[in-house]
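# Structural description and commentary
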Amino acid sequence: MALKGTFHEFEEAAYELNLKVNEDKTVYMKTSRKNKEENFKVTFRDHSYSSVNQFKYLGSLATDDNKVESEIEARIAAENRCYFSLEKILNFRALSKRIRVVIYKTIVRPVVIFGEETWPLTRKPEQMLNSWEKKVLRRIWEGVLENGV
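Now for a description of the structure that goes with this document. (Residues numbered from 1 in each chain as written. Predicted model: local features only at pLDDT ≥ 70, side-chain atom pairs only at ≥ 80, totals over all residues. Heavy atoms only, no water.)

## Notes on the overall build of the protein chain
Scanning the protein chain for helices and strands turns up five helices and five strands. Out of the 149 residues in the protein chain, the part that is buried amounts to 29%. The contacts of the protein chain with a sequence gap of at least 6 include a subset with a gap of at least 24, amounting to 59%. Of the roughly 10,500 Å² that the protein chain leaves accessible, carbon and sulfur atoms contribute 54%. (Helix = DSSP H or I, 4+ residues; strand = E, 2+ residues; numbered from the N terminus. Buried < 20%, exposed > 50% of the residue type's maximum accessible area, 1.4 Å probe, protein only. Contact = heavy atoms within 4.5 Å. Areas by Shrake-Rupley, 256 points an atom, 1.4 Å probe, with all protein chains shown as cover.)

Structure (structure tokens):
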């Protein structure tokens, strides 16, 4: 089985570097858009590794079906937490709309678009991002703005 060969190489490389593989923190994920298989554990030597459907790596969500929608949904949820933590500032009327847009562009938007250069965007994820941005800008501008802000 190719998977056991991969784990063998992984453990050998760790051994050469005097590293110990943490069985509790090490998982694997098989990615495919079709042929969904039951998740199971792989046992190699005295270690047992479990399979997962998704995991976070370097702040990005990886899923077994390689779809970006779940990553975008997680990012939008994080953006909502960020936005609502700044809501009092963004709704403060003494603050100009220009400053509120600057706050949005420098604090709120990067929460969503972090790592976006690696997303294979299709129509649905692109629509999700566009509707999210319009929603936030409507809150800030109290209406719809069409000049690319």
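Next comes the rest of the account.
## Observations concerning the packing of aromatic side chains
Tallied over the full model, the rule gives two aromatic pairs. The interplanar angle of 85° and the centroid separation of 5.3 Å between the aromatic rings of Tyr83 and Phe84 together place this pair among those described as edge-to-face. Given the relative accessible area of 41%, Phe84 is considered partly exposed. An angle of 40° between the planes, with centres 6.2 Å apart, marks the rings of Tyr104 and Trp132 as tilted. (Phe/Tyr/Trp six-rings, centres within 6.5 Å; stacked < 30°, edge-to-face > 60°.)

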